Structures are given as C-alpha cells and as structure tokens.
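The lines below spell out each chain.
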Amino acid sequence: MNWVVDNLDLIGRLSIEHLRLSVVPIVLGFVVAIPLGWIAWRLRITGAVLLTVAGLLYTIPSIALIVALPAIIGTSLLSESNVTIALTLYAVAIMARSVAEALGSVDAGTRQAAVAMGYSSWRRFWGVDFPLAGPVLLAGLRVVAVSTIALVTVGALVGIDSLGYLFTNGFQRRIIPEILAGLVVTMALALIVDGLLVLAGRALMPWTRGQRTATAKEARATSLGRGVNPGGAL
C-alpha cells in the first residue's frame, strides 16, 4: 500500500493514457463493424465468409499482431498506431458478428410494416432496424469495450504507456503492489466503462426498460401459476 500511495500520480497518468488508447479502437471498431455486419446479415454466403475471416483475425495473438503491423503498414514499432490498428481489428472481429445478429433479431413483421408505410431502405435501417437492434448491439459493444481495455495492457511490451507498464515494471522489479495496482485499476476502468455504456443504453433506448419490466412480470406470473415462490421455496 505504501507503493500505491507514493505513486498515485503515476497510476493516474497511466490510467488516462490507458483510457485514451482504449476509446479510439472501441469507437472505430463499432463504426467499421456496422456496414460489415449489415453485409453479413444481408448477404448470407458472403456474410458467412466475412464473419469467418473476422473470427480468424481474433485468433491472432495480440503481441504478434502488434509486432507484425510495422512491417505491413510501415509504421515504427513504438508507434501507438500499431496498438490502435490491432485493437480496432479485434473490435471489428467481435462487433461485426454482433451487428449481424442484432439485425437478424429485428422482427420481420416490423420491417414489413415500415415498408408499407413508405420507408426507404436507408430510412428503415436508421429509423427501424438500427434502434430495434440496439439491445443486442449494446451487448456486443460492452464485450468489445471490456476486451479492448484488457488488451491495451499488451502495448506495454513494445513501450506504449498504459497500465500494462505497472505489470512489466512490477514484474521486473518484483514489486507485487505495483502489479496488483495495475490489475485492480484495469478492472476498475473496464467496470466503469461498462457501467457508462449501460447507462447510455438506458438513456438512448428507454423502450427497453418497459420490455424488461413486462418480461419480469410475465416470469413472476408464470412462476406463481406453477406454485413457485420467487423469494424462496414453499
């Protein structure tokens, strides 16, 4: 604890850098995944190939990808661009499938009703499909956010400042509190970002709260009808 108290300024600075490095891939991954996910949902055969390739990208070890990128795109090994691009690729790999599944979860009858009302394909996508796919999209985005925040720590192995520095430096100097501080703060950042996404989802999709309430009431009515006490055994 003495080490933590004496190095709060370092932990704070690294936390800000870690968050900055995380936000860009999360946002870019989400934006790029929307058209890719739409293609995967719309064109089934092409989509299957697209999602398979995306899945294979996620199997590449992060440190190997970060080290290989300079040879592919011509950047310096110590450039933040390598980490940003690598994490964006991972985010797209996860989010593209989530977008396809989210669009597939929208009720076909609702789409037909929108077409009958004169909605163009573009207007229907943004006015009907995208909002109704919101809960599944949010679930995928939460997974992307947490995994990205965790993977940013790998950048410390190639000299990129983040909370991963606490792991590498603590291991080299055998300072256990430093390693634990990096672990705890990384987890805290992931939980905070995840919580903010949940709050944003509730604010942007207020209709989902009514759906959850109705589902909870139906489940309670069903359990009572079967003679089950939700608060404990009878």
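Residues numbered from 1 in each chain as written. Predicted model: local features only at pLDDT ≥ 70, side-chain atom pairs only at ≥ 80, totals over all residues. Heavy atoms only, no water.

Participant: Requested: an account of the layout of surface pockets, with residues and values cited.
Facilitator: Empty space among the atoms becomes visible once a probe the size of a water molecule is rolled across them. The space that makes up the largest pocket amounts to roughly 260 Å³. If you go around the largest pocket, the residues you meet are F30, F130, P131, G134, L137, L138, L141, L197, A200, G201, L204 and M205. Counting only elements with at least two residues in the lining of the largest pocket, the list comes to α7 (121-132), α8 (134-151) and α10 (176-204). Of the residues that constitute the lining of the largest pocket, the class distribution is 10 nonpolar, two polar and no charged. Counting only elements with at least two residues in the lining of the second largest pocket, the list comes to α2 (8-42) and α7. Residue contributions to the lining of the second largest pocket peak at six residues, all from α7. (1 Å grid on protein atoms, 1.4 Å probe; cavity = no way out; pocket = protein on both sides within 12 Å on 5 of 7 lines; lining within 4 Å. Points joined across faces, edges and corners; volume = space filled by probe spheres on them. Helix = DSSP H or I, 4+ residues; strand = E, 2+ residues; numbered from the N terminus. Nonpolar A, V, L, I, M, F, W, Y, C, P; charged D, E, K, R; others polar.)

Participant: Give me the pattern of salt bridges: which residues, what numbers.
Facilitator: According to the stated counting rule, one finds six salt bridges in the structure shown. Put simply, D161 and R13 hold a salt bridge, and the shortest N to O gap is 3.6 Å. Here D161 is found in the loop between α8 and α9 (164-173), whereas its partner R13 is found in helix α2, with 148 residues between them in sequence. For R13, a relative accessible area of 42% puts it in the partly exposed group. For R124, the salt bridge goes to D129, with nearest N and O atoms at 3.5 Å. (Salt bridge = Lys/Arg side-chain N within 4 Å of Asp/Glu carboxyl O. Buried < 20%, exposed > 50% of the residue type's maximum accessible area, 1.4 Å probe, protein only.)

Participant: An account of α2 is needed here, citing residue identities and associated values.
Facilitator: With 35 residues, α2 extends 50 Å from end C-alpha to end C-alpha; this agrees with the ideal 51 Å at 1.5 Å per step. The principal kink in α2, of about 35 degrees, is found at A33, preceding the proline P35 by one to four residues. (Expected span 1.5 Å × (residues − 1). Bend = angle between axes of the 7 residues up to and from the residue.)

Participant: Outline the packing of α8 against α10, listing residues and values.
Facilitator: The geometry of α8 relative to α10 is characterised by a closest axis approach of 9 Å and an angle of 160 degrees between their N-to-C directions. Taken together, the axes of α8 and α10 are roughly antiparallel relative to one another. In the crossing of α8 with α10, the sense of the turn from one axis to the other is right-handed. Across the interface between the two elements, L138, L141, R142, A145, V146 and I149 of α8 pack against T186, L189, A190, V193, D194, L197, V198 and G201 of α10. Grouping the constituent residues of the contact of α8 with α10 by class yields 10 nonpolar, two polar and two charged. (Axes fitted to C-alpha atoms, helices over the stretch in contact; angles between N-to-C directions. Parallel < 35°, antiparallel > 145°, perpendicular 65-115°, else oblique. Left-handed = near helix turned anticlockwise from the far one by under 90°. Contact = heavy atoms within 4.5 Å.)

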